[in-house]
Amino acid sequence: MQLLSNYLKHHDTDLELVELIDTLMIACKEIALQLREGALAGILGTTSDTNVQGETQKKLDVISNDVLKKVLLDNPLVRGLASEEEDDPVFGNPNGRFLVTFDPLDGSSNIDINVSVGTIFSILEAPKDVTEEGVEMFLQAGRKQVASGYVLYGPSAVLALTTGHGVNMFTLAHTGDFLLTRENVRIPEETKEFAINMSNHRFWEPSMRNYVDDLLKGAEGPRGKNYNMRWIASMVAEVHRVLTRGGIFTYPWDAREPAKPGKLRLMYEGNPMSLLIEQAGGISSTCYSDILDIQPDHIHQRVSVALGSRKEVETLLQYHCDC
Ligand code: P6P
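What you see is a predicted model; the values in this text were computed from it and never measured.

Novice: Help me get a handle on the overall build of the protein, residues and values and all.
Specialist: Per the secondary structure count, the protein includes seven helices and 17 strands. Taken over the C-alpha trace, the protein has a radius of gyration of 19 Å; the compact-globule value for 323 residues is 20 Å, and the two agree within 12%. Over its C-alpha atoms, taken along the principal directions, the protein stretches across nearly 60 × 45 × 40 Å. When the 323 residues of the protein are sorted by exposure, 55% land in the buried category.

Novice: With reference to specific residues and values, describe the pattern of salt bridges.
Specialist: In this structure the tally under the stated criterion is 22 salt bridges. Across the salt bridge formed by Arg97 and Glu125, the nearest N and O atoms sit 3.0 Å from each other. Taken together, the positions of Arg97 in the loop between strand E4 (90-91) and strand E5 (98-106) and Glu125 in strand E6 (residues 117-125) put the pair 28 residues apart, joining distant regions of the chain. Residue Glu312 is joined to Arg223 by a salt bridge in which the shortest nitrogen-to-oxygen separation is 2.8 Å.

Novice: I'd like a description of the site of the ligand, backed by residues and values.
Specialist: For the ligand, the set of nearby residues contains 13 residues, the closest of which are Asp106, Asn197, Trp231, Met235 and Tyr251. A distance of 2.8 Å separates an oxygen atom of the ligand from a polar side-chain atom of Asp106. Within the backbone of Met235, an N or O atom sits 2.7 Å from an oxygen atom of the ligand. In isolation the ligand exposes 390 Å². Once the protein is present, 84% of that is buried. Put simply, the parts of the chain that give the shell around the ligand at least two residues each are strand E13 (248-251) and strand E14 (264-265). Looking at side-chain class alone, the shell around the ligand contains six nonpolar, three polar and four charged residues.

Novice: Pulling in residues and values, what's your account of the nonpolar core?
Specialist: Proteins that are soluble and globular tend to have nonpolar side chains buried together. Formed by 40 residues in total, the largest nonpolar core has its most connected members in Leu4, Met25, Ile123, Tyr153 and Leu159. For this core, the element with the highest residue contribution is helix H2 (residues 15-37), accounting for 11 residues. Residues in contact with Met25, not counting those within four places in the same chain, are Leu4, Phe121, Val151, Leu159 and Phe178. Ranked by size, the runner-up nonpolar core spans 38 residues in total, among them Ile120, Leu152, Met235 and Met267.

Novice: Please give an account of the sheet that holds strand E15 (residues 283-285) that cites residues and values.
Specialist: Strands pair in a sheet through their backbones, by hydrogen bonds, and they do so in one of two ways: parallel or antiparallel. Within the open sheet, the five strands sit side by side as E12-E11-E13-E17-E15. Their pairing is mixed. Looking at which strands have only one partner, the edges of the open sheet turn out to be strand E12 (228-230) and E15. Shown here is a sheet whose adjacent strand axes are inclined to one another by a mean of 15°, direction ignored. The pairing of strand E11 (residues 193-195) with E12 spans three bridges and is parallel. Across the sheet, the residue bridging to Glu193 is Asn228, located in E12. Helix H7 (residues 310-319) rests against E13, E15 and strand E17 (305-308) of the sheet, and its axis sits at about 150° to E17.

Novice: Give me the lowdown on the pairing of strand E3 (residues 78-83), citing residues and values where you can.
Specialist: A large share of E3 lies buried, amounting to six of its six residues. Here E3 pairs with E5 via five bridges, running parallel. For Leu81, the partnering residue across the bridge sits in E5 and is Val100. Sheet topology places E3 next to E4; two bridges connect them, and they run antiparallel. In the sheet register, Gly80 faces E4, and the bridge partner there is Phe91. Where E3 folds back onto E4 in an antiparallel hairpin, the turn is made up of six residues.

Definitions and cut-offs
Residues numbered from 1 in each chain as written. Predicted model: local features only at pLDDT ≥ 70, side-chain atom pairs only at ≥ 80, totals over all residues. Heavy atoms only, no water. Helix = DSSP H or I, 4+ residues; strand = E, 2+ residues; numbered from the N terminus. Rg over C-alpha atoms; globule rule 2.2 N^0.38 Å. Buried < 20%, exposed > 50% of the residue type's maximum accessible area, 1.4 Å probe, protein only. Salt bridge = Lys/Arg side-chain N within 4 Å of Asp/Glu carboxyl O. Near = heavy atom within 4 Å. Polar contact = N/O pair within 3.5 Å; in protein donor to acceptor, adjacent residues only side chain to side chain. Areas by Shrake-Rupley, 256 points an atom, 1.4 Å probe, with all protein chains shown as cover. Nonpolar A, V, L, I, M, F, W, Y, C, P; charged D, E, K, R; others polar. Core = buried A, V, L, I, M, F, W, Y, C linked by side-chain atoms within 4.5 Å. Contact = heavy atoms within 4.5 Å. Pairing = 2+ DSSP bridges. Axes fitted to C-alpha atoms, helices over the stretch in contact; angles between N-to-C directions.

And the structure:
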């Protein structure tokens, strides 16, 4: 079994990027240990604070965010970081090379019921032509990411990682090492499994309602096959399932907050997950265009997401196309 850093070096990964990924994994190992302790450490439940999204912060949201901030800001490679749990970016070494955006604990509403959660991260190069510390340096399209991934804290802790040359998975061993357990992950082109929060059905655009209604008609309907549904309310777990066995995951625009394009956040959910999905042969779309092509204008901006098995997402796009 190959160690994470040995695997990356053996595949000619930029050595400073390897160092930064190793630094991120130090934080994720600490988060995994804290999660394992759970109630025993008195860290379940919520704080009295809300984040910039207006969401109540779980104790472990804050703990995970603090662990990542400390570990990353101690590394001189880090120019700055942006987090779901931070109103504004936090800056480190003025000569640092990389920017890191992250959702420290995605799916944290599942913590108190002991269901899988995860850390999602995205790595960008700090732009050389932007010297003033500010949000602007982060506002780069998803295709500019040099790496992205997540650590899913499930029955085992699994890192899914891309540095732009495919997707590989590494499992956290009892030794504290991430060991290669799946190489060159490819998403099956077709699927019989979809993931969406059906309780929002009445709020979707007609095109999304029509697409899902046809899935529910099964073999007797226009899709000609029966589908199964999953909803874990943890994007990391849903994306891991899609990478592992195919499927489609979507959190589309809905009329509950019509001014917002969707619930999920572009910079530290949509973009990192979209790079993984595309690198594994899938599609990740807003339902109208590739997520990775979006030029961000706000660090916490939201995005509508439909990602997964290529042929299934292509079919969803046809429902949304006036062509
Ligand atoms: P809902 C978790 O809060 C999250 O951001 C994603 O991980 C997840 O897919 C989604 O929200 C769940 O949203 O509305 O079903 O609770």
